[in-house]
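A look at the structure
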Amino acid sequence: MLELSLNVLDIAQNSVVAGATVVELTVTEETARNRLTLTIRDNGCGMTPEQLARVRDPFFTTRTTRKVGMGIPLFRVAAEAANGSLDIESEQGVGTTVTALFELRHIDRMPLGDMVGTVTTLIRLNPELDIVYRHTVDGEEFAFDTASLRPILGEVSLAESEVMEWITANLAEGVTALNSQA
Amino acid sequence: MKSIAELQAIRDKARERIAVRDGAQDGTRVVVGMATCGIAAGARSVMNAFVDEIAKRHVEHVAVVQTGCIGMCQFEPIVEVLAPGKEKVTYGKVTPEMVAKIVTDHLVNGNPVAEYTVANLMK
């Protein structure tokens, strides 16, 4: 993966398969602690302790079509390359939380990349899913939640092209404002 | 900031359009592989290029949807075009630069772009 935002998209796609109705993506940048934290939290079906124990193994997958699953291993390698780590908590019937830690200024930390693209892609592909996006840079937070838009939109889908344009602009403004403060 | 009033205006416009569209027949499906292999190969920007190009050209009755890994990871990003009554066309190693031609030639004019297909890549 060329950007961490693509890993986030990939992991969030697992949440969709797990039947989640809410996926929460969090990006926390802490300059003083030299730390970047990415979390993907869902309320999907969760994993059994056996599945959880094996999920870091690339030759484990719940798919029946083939024998490999690279999503989690790739994310873990990206974290460990930047002196970080990957942690997964999961409970059946409750959901799964994937947390990746990175050294913010590590030379081998992949760039965060286009998080706006990741969030908008998730919305386009899964307009029924509620997505919460929280991005914090040194304590300044930008938050976005599709659930807050639904009462305004009524039966109109989030995936309608003009709605998506509005969402994209809204996210881009929020993230740009964060980065200009930092 | 983007205002809520703007979003309300967008909603009202979309309502009118949906009313027109829902009377129409089943359309073409553009299926983008969005598993780990597809995403790693660049499927996100390809998918967004399709959505943008389709909106820009006001192509009606086309839905952009996702699928998982179909077992040809070496040809990702893969895009399948399923038009009603036509044979499925599978494009491989698609880049955002190729999207305008696929939309114009294939989705609008009904002529698949042979040089971009997986069948052509395997020759």
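Up top is the structure.
The present account deals with the structure reproduced in this document. (Residues numbered from 1 in each chain as written. Chains lettered and ligands numbered in written order. Predicted model: local features only at pLDDT ≥ 70, side-chain atom pairs only at ≥ 80, totals over all residues.)

Here we take up the overall build of chain A. What chain A contains, in helices and strands, is six helices and six strands. The order of α-helices and β-strands along chain A, N terminus first, is α-β-β-α-α-β-β-α-β-β-α-α. For chain A, the C-alpha radius of gyration of 16 Å lies close to 16 Å, the compact-globule estimate for 182 residues. In terms of overall dimensions, chain A has a C-alpha envelope of 45 × 40 × 25 Å along the principal axes. (Helix = DSSP H or I, 4+ residues; strand = E, 2+ residues; numbered from the N terminus. Rg over C-alpha atoms; globule rule 2.2 N^0.38 Å.)

Here we take up the pairing of strand E1 (residues 28-33) of chain B. Residue and element names in this part refer to chain B. As defined by bridge partners, E1 adjoins strand E2 (residues 62-67) across six bridges and the pair is classed as parallel. Each bridged residue has a counterpart across the sheet, and for Val 30 the counterpart in E2 is Val 64. Pairing between E1 and strand E3 (residues 79-82): four bridges, direction antiparallel. Among the inter-strand pairings, Val 31 is bridged to a residue of E3, identified as Glu 80. (Pairing = 2+ DSSP bridges.)

This part takes up the interface of chain B and chain A. With 22 residues of chain B at the interface, the matching set in chain A holds 26 residues. Contributing elements (two or more residues each) for the side of chain B that touches chain A: helix H1 (4-21), helix H2 (36-41) and helix H3 (43-56) of chain B. Tallying contributions element by element places H1 of chain B first for the side of chain B that touches chain A, with nine residues. Grouping the constituent residues of the side of chain B that touches chain A by class yields 11 nonpolar, five polar and six charged. (Contact = placed C-beta atoms within 7 Å. Nonpolar A, V, L, I, M, F, W, Y, C, P; charged D, E, K, R; others polar.)

Here the focus is the environment of Lys 86 of chain B. Residues and elements named next belong to chain B. Assignment of secondary structure puts Lys 86 in the loop between E3 and strand E4 (89-91). Since 12 C-beta atoms lie within 10 Å of it, Lys 86 is described here as exposed. Between the C-alpha atoms of Lys 86 and Arg 17, which are 69 residues apart in sequence, the distance is 27 Å. (Buried ≥ 20, exposed ≤ 12 C-beta atoms within 10 Å, placed from the backbone.)

This next bit is on the packing of helix H4 (residues 115-125) of chain A against H3 of chain B. Where H4 of chain A contacts H3 of chain B, the axes come no closer than 10 Å and their chain directions differ by 60°. Between H4 of chain A and H3 of chain B, the angle falls in the class oblique. In this structure, H4 of chain A crosses over H3 of chain B, and the sense of that crossing is left-handed. Contacts from Gly 117, Thr 121 and Arg 124 of chain A of H4 of chain A reach H3 of chain B at Arg 44, Met 47, Asn 48 and Val 51 of chain B. (Axes fitted to C-alpha atoms, helices over the stretch in contact; angles between N-to-C directions. Parallel < 35°, antiparallel > 145°, perpendicular 65-115°, else oblique. Left-handed = near helix turned anticlockwise from the far one by under 90°.)

Quick look at the pairing of strand E6 (residues 140-145) of chain A now. Residue and element names in this part refer to chain A. Two elements, strand E5 (residues 130-137) and E6, share six bridges in a ladder whose sense is antiparallel. Looking across to E6, one finds that His 135 is bridged to Phe 142. Count of turn residues in the E5/E6 antiparallel hairpin: two residues, of which Asp 138 carries a positive phi of about 45°.

Turning to helix H4 (residues 96-108) of chain B, a few remarks are in order. Since the α-helix advances by 3.6 residues per turn, residues separated by three or four positions end up pointing in the same direction. Residue and element names in this part refer to chain B. Across its 13 residues, H4 extends 17 Å between first and last C-alpha, which sits within 8% of the 18 Å expected from 1.5 Å per residue. At Ile 102, H4 shows its largest kink, close to 35°. All buried positions along H4 are accounted for by Val 99, Ile 102, Val 103, His 106 and Leu 107. On its buried side, H4 packs onto E1, H3, E2, E3 and E4. (Expected span 1.5 Å × (residues − 1). Bend = angle between axes of the 7 residues up to and from the residue.)

Residue and element names in this part refer to chain A. As summarised here, the arrangement of the six strands in space is E3-E4-E2-E1-E5-E6, forming an open sheet in which the pairing is mixed. Looking along the sheet, the strands with just one partner apiece sit at the ends: strand E3 (85-91) and E6. Neighbour-to-neighbour, the strand axes of this sheet turn through a mean angle of 10°, independent of strand direction. Examined bridge by bridge, E3 and strand E4 (residues 95-103) share seven bridges and lie antiparallel to one another. Its bridge partner lying in E4, Leu 86 is registered against Ala 100.

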